[in-house]
Amino acid sequence: MIQRWTLLGIREIIEISKPRIVILLVITAVTSMFAASKLVGPELDSWGLIHIIIAGALASAGSSALNHYYDRDIDPLMKRTSTRPIPSGRMKPNSVLIYGLAVSVVSVVYGAITLNYVSAFFIALGIFFYVIIYTAWLKRLNSSNIVIGGFAGSAASMAGWSAATGSIDILGFLIGFLVFVWTPSHFWCLAMKMKDEYSEAKVPMLPVLIGMQKTSKYILVNTLILLPYSLMLYAFGLGIVYTVIAAVSGGLILIYHYKLTQLPTSEFAWKAYKVTAPYLAIIFIAVALDAAFHFRF
């Protein structure tokens, strides 16, 4: 076993950990933790930030690896995923499974020891939603897969908030729920781009079931929900800095998603996806900036 692990390349380990997702979820957790410490208290020390970064990164990496393991049968059918470590033969499925399970468990235990039990609960909940609810249950059965599975990202924010406060209040929940509301617009754009590949793999993503035009309208409707939802957080305690950034960034993706309904092609869906992708990082950085320079009318 030791020899097997020593043969694994760092590149493959990083790839199955999905580093872009790790970075995004760590940003949501860290900014939520920082905001909670400023808006609710108590004051945050640097060790708390280090602990949430480690726990969050491990949780995201472990659950991503388990996603690689579970999808090993359909990944070869899609061009986007066919070169992943398992279908390309660069890693053995059992090695990915062991890595995913071990890192996931360590993330929860580490969070419980260094943060608190509430934060560890949300770390575990995020893993559960991504691996069990989304990957193993809904992804191949229902077009609502990514909608419900999006709560995994919300759990990362709530883990950060509760790491600072020891609990989750209404503002912490609503900020975390932003991820849930944003996810469909973001992922359906990617699904439009990858429609033919999802169809080949028999994964019931929305564009496969209802077509490109109707999916683009669903994306627009979801964004019409996302924008006022994001602005509503002012009423629950966020300030002007956040509200201005949320209005500008949300307005931009609304424009792109309206244009997508006029041009529902895979090419324009990819452009809309690239506009939607940075929104989450921007909005959570806005939450942190708002907490640091908090003022309201």
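Residues numbered from 1 in each chain as written. Predicted model: local features only at pLDDT ≥ 70, side-chain atom pairs only at ≥ 80, totals over all residues. Heavy atoms only, no water.

A look at the environment of alanine 281
The cut-off we apply is this: Strands here are runs of E lasting at least two residues and helices are runs of H or I lasting at least four, both read from the DSSP assignment and numbered beginning at the N terminus. Only protein chains enter the calculation, and the probe is 1.4 Å; a residue is then buried if its accessible area is under 20% of its type maximum, exposed if over 50%, and partly exposed in between. The contact rule is simple, with two residues in contact once any of their heavy atoms fall within 4.5 Å.
By the secondary structure assignment, alanine 281 is in helix H15 (residues 279–292). Taking the relative accessible area as the measure of exposure, alanine 281 reaches 16% and is therefore buried. Distance from alanine 281 to leucine 24, taken between C-alpha atoms, is 6.5 Å for residues 257 residues apart in sequence. With residues near it in sequence (within four places) discarded, alanine 281 still touches Leu24 and Ile27.

Thoughts on the pattern of salt bridges
Stated precisely, the cut-off is as follows: The working definition used for a salt bridge is a side-chain nitrogen of Lys or Arg within 4 Å of a carboxyl oxygen of Asp or Glu.
Applying the stated criterion across every chain yields a total of seven salt bridges. With a shortest N-O distance of 2.9 Å, glutamate 12 and arginine 90 are connected by a salt bridge. Residue glutamate 12 is located in helix H2 (residues 10–16), and its partner arginine 90 is located in the loop between helix H4 (46–70) and helix H5 (93–114); the two are separated by 78 residues in the primary sequence. With a relative accessible area of 12%, glutamate 12 lands in the buried category. You can call arginine 90 partly exposed: its relative accessible area is 31%. One salt bridge in this structure joins aspartate 71 and lysine 139, with 2.6 Å as the shortest N-O distance. With aspartate 71 in the loop between H4 and H5 and lysine 139 in the loop between helix H6 (117–138) and helix H7 (145–149), this pair connects stretches of sequence that are 68 residues apart.

Looking at the nonpolar core
Condition: Residues enter a nonpolar core if they are buried and are Ala, Val, Leu, Ile, Met, Phe, Trp, Tyr or Cys, with the set joined through side-chain atoms within 4.5 Å.
By size, the foremost hydrophobic cluster in this structure holds 81 residues, and its most contacted members are Ile175, Leu178, Tyr198, Tyr242, Leu260 and Ile283. With 13 residues, helix H9 (residues 170–193) is the single largest residue contributor to this core.

Some thoughts on the packing of aromatic side chains
Using the following cut-off: In this scheme Phe, Tyr and Trp rings, the latter by its six-membered ring, pair at centre separations within 6.5 Å, and the angle between planes marks the pair as stacked below 30 degrees, edge-to-face above 60, and tilted otherwise. In our convention, an over-ring charge means Lys NZ or Arg CZ found within 6 Å of a ring centre and within 35 degrees of that ring's normal.
On inspection of all chains with the given rule, the structure shows 10 aromatic pairs. The interplanar angle of 15° and the centroid separation of 6.0 Å between the aromatic rings of tyrosine 256 and phenylalanine 268 together place this pair among those described as stacked. Of the two residues, tyrosine 256 is situated in helix H13 (residues 240–262) and phenylalanine 268 in helix H14 (residues 266–276); the sequence distance between them amounts to 12 residues. On the basis of relative accessible area, tyrosine 256 is assigned to the partly exposed category, the value being 26%. For phenylalanine 268, a relative accessible area of 12% gives the class buried. By way of ring pairs, the aromatic residues Phe173, Phe177, Phe180 and Tyr229 are connected into one cluster. Its guanidinium or amino end placed over the ring of tyrosine 69, arginine 72 lies 4.1 Å from that ring's centre, counting from NZ or CZ. Across the ring face of tyrosine 234, the terminal group of arginine 296 is positioned such that the distance to the ring centre comes to 4.1 Å.

Side note on H15
Inclusion rule: Here a helix's expected span is defined as the number of its residues, less one, multiplied by 1.5 Å.
The terminal C-alpha atoms of H15, which comprises 14 residues, lie 20 Å apart, in line with the 20 Å expected from a rise of 1.5 Å per residue. Burial runs high along H15: 10 of the 14 residues are buried. All of the buried residues in H15 are Tyr279, Leu280, Ala281, Ile283, Phe284, Ala286, Val287, Ala288, Asp290 and Ala291. Elements in contact with the buried residues of H15: helix H3 (19–39), helix H8 (151–165), H9, helix H12 (212–232), H13 and H14.

Quick notes on the packing of H6 against H8
Selection criterion: Axis definition: a line fitted to C-alpha atoms, limited for helices to the stretch in contact. Angles are taken between N-to-C directions and run from 0 to 180 degrees. An angle below 35 degrees is treated as roughly parallel, one above 145 as roughly antiparallel, one from 65 to 115 as roughly perpendicular, and anything else as oblique.
Running from N to C, H6 and H8 point in directions that differ by 170°, and their axes come no closer than 8 Å. In this view, H6 runs roughly antiparallel relative to H8, as classed from their interaxial angle. Each of Val118, Ser119, Phe122, Ile123, Leu125, Gly126, Phe129 and Tyr130 in H6 lies in contact with H8, whose residues at this interface are Phe151, Ala152, Ala155, Met158, Ala159, Ser162 and Ala163.

Comments concerning unusual backbone geometry
Geometrically, the link from glycine 41 to proline 42 is a cis peptide bond, its omega value of 0° lying close to zero. On the secondary structure map, proline 42 appears in the loop between H3 and H4. The phi torsion at lysine 18 lies on the positive side, around 50°, for a residue other than glycine. Position of lysine 18 relative to the elements: it lies in the loop between H2 and H3. Positive phi is not limited to glycine here, since lysine 202 has a value of about 60°. Inspection of the secondary structure assignment puts lysine 202 in the loop between helix H10 (195–200) and helix H11 (206–210).

Structural measurements only, silent on function.
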